[in-house]
Amino acid sequence: MANSRIKKRDKDDDRPVIWVGYGKLLKLFRERAHYTQQALADAVGYSYEQAASIEQGRRPAKAAFTEAAERVLDAGGALAVLQDDVDRAKLPAFFRDFALIETEAVSRFSYDPLLVPGLLQTEEYARALFAGHCPPLDDEIIEQHTEARLNRQKLLTRTPLVDLSFVIEDAALRNPIGGPEVMRGQLHRLLELGALRNVEIQVMPSGRGFHPGLNGAFVVLETLEHRQVGYVESQETGVVVSDPANVSAFGLRYGKLRSQALNAEESARLVERLAGEA
């Protein structure tokens, strides 16, 4: 019995703070409105177990749940204002700090040698990546990570527009993550996003010889306060780089990469050809 209590406590301690806070606020509004957990679940179209898990902070609220709860409980936007933070906590823990900084970007430039960058991924491509995780992830965690990755893509169309540039190694576009059909859909998605006026996608073709991206993927970002930040990630370890000298070096390397890669029009033609072959 003691061991089971310890296991439960440890599991509860892993709950993101924002999920716990959201749940407490939900309970406050529910009790003020004189709803039982079952009555609220019925009113918002969720099962009792799902609604109870959200209130206990064990499961994140989806936007649809929050919208319904706001309406039923007359919460006045108090739950809705937390939704982005709730969604962000679905991301892998090592990435959350940078994801928060990313929401304040006025520009974001990245080099990705092995995979299509997360901001450009289709749902099927993202899910295939998380499904292949080692060690394996629970189905619920796969769904949460996928949802959170897609939610980050609001950055693509946010107002005011964010200046976004992506240099992607062509090897990432030839590796059929999820199978040929998923990859074909992903390539078509790149063509759609590359047509946005604030998004530039360039492909680094193989055979270029040495270039500054060979040391690995990186991001360089400028915030609303015009602070420049870098980010590097490998094997589920992410590091935010704030030292001005290091961030300046990232910027220089990225400039070189853009000059060595295919331009946007050439890149689009290559992606279109690969989509036809997939």
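Just so it is clear, the model here is predicted, and its values are computed rather than measured.

Caption draft 1: Structural detail: the pairing of strand 1 (residues 105-112). Summarising burial for strand 1: 7 of the 8 residues are buried, a large majority. As defined by bridge partners, strand 1 adjoins strand 4 (residues 218-223) across 6 bridges and the pair is classed as antiparallel. If you follow Arg-108 over to strand 4, its bridge partner there is Leu-221. Bridge analysis of strand 1 against strand 2 (residues 163-169) gives 6 bridges, and the strand direction is parallel. The residue of strand 2 that forms the bridge with Asp-112 is Ile-168.

Caption draft 2: Structural detail: unusual backbone geometry. Omega for the bond connecting Cys-134 with Pro-135 falls within 30 degrees of zero, at 0 degrees, which places this linkage in the cis form. Omega for the peptide link from Thr-159 to Pro-160 comes to -5 degrees, which places this bond in the cis form. With respect to the element layout, Pro-160 can be found in the loop between helix 9 (139-152) and strand 2. Even without being a glycine, His-34 presents a positive backbone phi close to 60 degrees. If you trace the backbone, His-34 turns up in the loop between helix 2 (17-32) and helix 3 (37-44). For His-34, a relative accessible area of 73% translates into the label exposed. Despite not being glycine, Asp-74 shows a phi value in the positive range, around 50 degrees.

Caption draft 3: Summary view of the pattern of salt bridges. Taken as a whole, this structure holds 16 salt bridges when the rule is applied. The residue Lys-154 makes a salt bridge to Asp-84 at a minimum N-O spacing of 3.1 Å. Highlighted residues: Lys-154 in the loop between helix 9 and strand 2 and Asp-84 in helix 6 (residues 83-88), separated in sequence by 70 residues. The class for Lys-154 is partly exposed, based on a relative accessible area of 46%.

Caption draft 4: Up close: the packing of aromatic side chains. Counted according to the given criterion, the structure contains 8 aromatic pairs. Plain terms: the ring middles of Phe-95 and Tyr-231 are 5.6 Å apart, the flat faces sit at 75 degrees to each other, and that makes the pair edge-to-face. With Phe-95 in the loop between helix 6 and helix 7 (96-102) and Tyr-231 in strand 5 (residues 228-234), this pair connects stretches of sequence that are 136 residues apart. Judged by its relative accessible area of 8%, Phe-95 falls in the buried class. Overall, Tyr-231 belongs to the buried group, its relative accessible area being 4%.

Caption draft 5: The pairing of strand 4, seen in detail. Burial analysis of strand 4 places 5 of its 6 residues in the buried class, the great majority of the element. In this sheet, strand 5 lies alongside strand 4 in antiparallel orientation, the contact comprising 4 bridges. Within strand 5, the residue paired with Val-219 across the bridge is Tyr-231. Between strand 4 and the antiparallel strand that follows it, strand 5, lie 4 residues; His-226 among them carries a positive phi value of about 60 degrees.

Caption draft 6: Spatial organisation of the environment of Ala-275. With respect to the secondary-structure elements, Ala-275 resides in helix 13 (residues 264-277). By relative accessible area, Ala-275 is classed as buried at 3%. As for Ala-275 and Arg-227, which are separated by 48 residues in sequence, their C-alpha atoms are 38 Å apart. With residues near it in sequence (within four places) discarded, Ala-275 still touches Arg-184, Leu-187 and His-188.

Caption draft 7: Spatial organisation of the layout of surface pockets. If you add up the space inside the second largest pocket, you get close to 260 Å³. Looking at the lining of the second largest pocket, the elements with two or more residues in it are helix 6, helix 7 and helix 9. Looking at the lining of the second largest pocket residue by residue, the class counts come to 4 nonpolar, 2 polar and 7 charged.

Scoring rules and cut-offs
Residue numbering note: each chain is counted from 1, following its sequence as written. In keeping with the model being predicted, local features are shown solely for residues with a pLDDT of at least 70 and side-chain atom pairs are shown and tallied solely at 80 or more, while totals for entire chains, interfaces and linings include all residues. Side-chain measures were taken over the full set of non-hydrogen atoms in the model, leaving aside hydrogen atoms and water. Relative accessibility under 20% of the residue-type maximum defines a buried residue, over 50% an exposed one, and the middle range a partly exposed one, all with a 1.4 Å probe and only protein chains included. Working definition: helices are DSSP H or I runs of at least four residues, strands are E runs of at least two. Numbering for both runs from the N terminus. Paired strands are those between which DSSP finds at least two bridges. What makes a salt bridge here is a side-chain nitrogen of Lys or Arg within 4 Å of a carboxyl oxygen of Asp or Glu, nothing more. Ring pairs shown here join Phe, Tyr and Trp side chains whose ring centres sit within 6.5 Å, with only the six-membered ring taken for Trp; geometry is labelled stacked below 30 degrees between planes, edge-to-face above 60, and tilted in between. Here, residues are in contact when the closest pair of their heavy atoms is within 4.5 Å. Only protein atoms enter the 1 Å grid, on which a cavity is a set of points fitting a 1.4 Å probe that cannot get out and a pocket is an open set with protein on both sides within 12 Å along at least 5 of 7 lines, lining residues being those with an atom within 4 Å of a point. Grid points are joined across faces, edges and corners, and a volume is the space filled by probe spheres set on the points. Note on residue classes: Ala, Val, Leu, Ile, Met, Phe, Trp, Tyr, Cys and Pro are nonpolar, Asp, Glu, Lys and Arg are charged, and everything else, Gly too, is polar.

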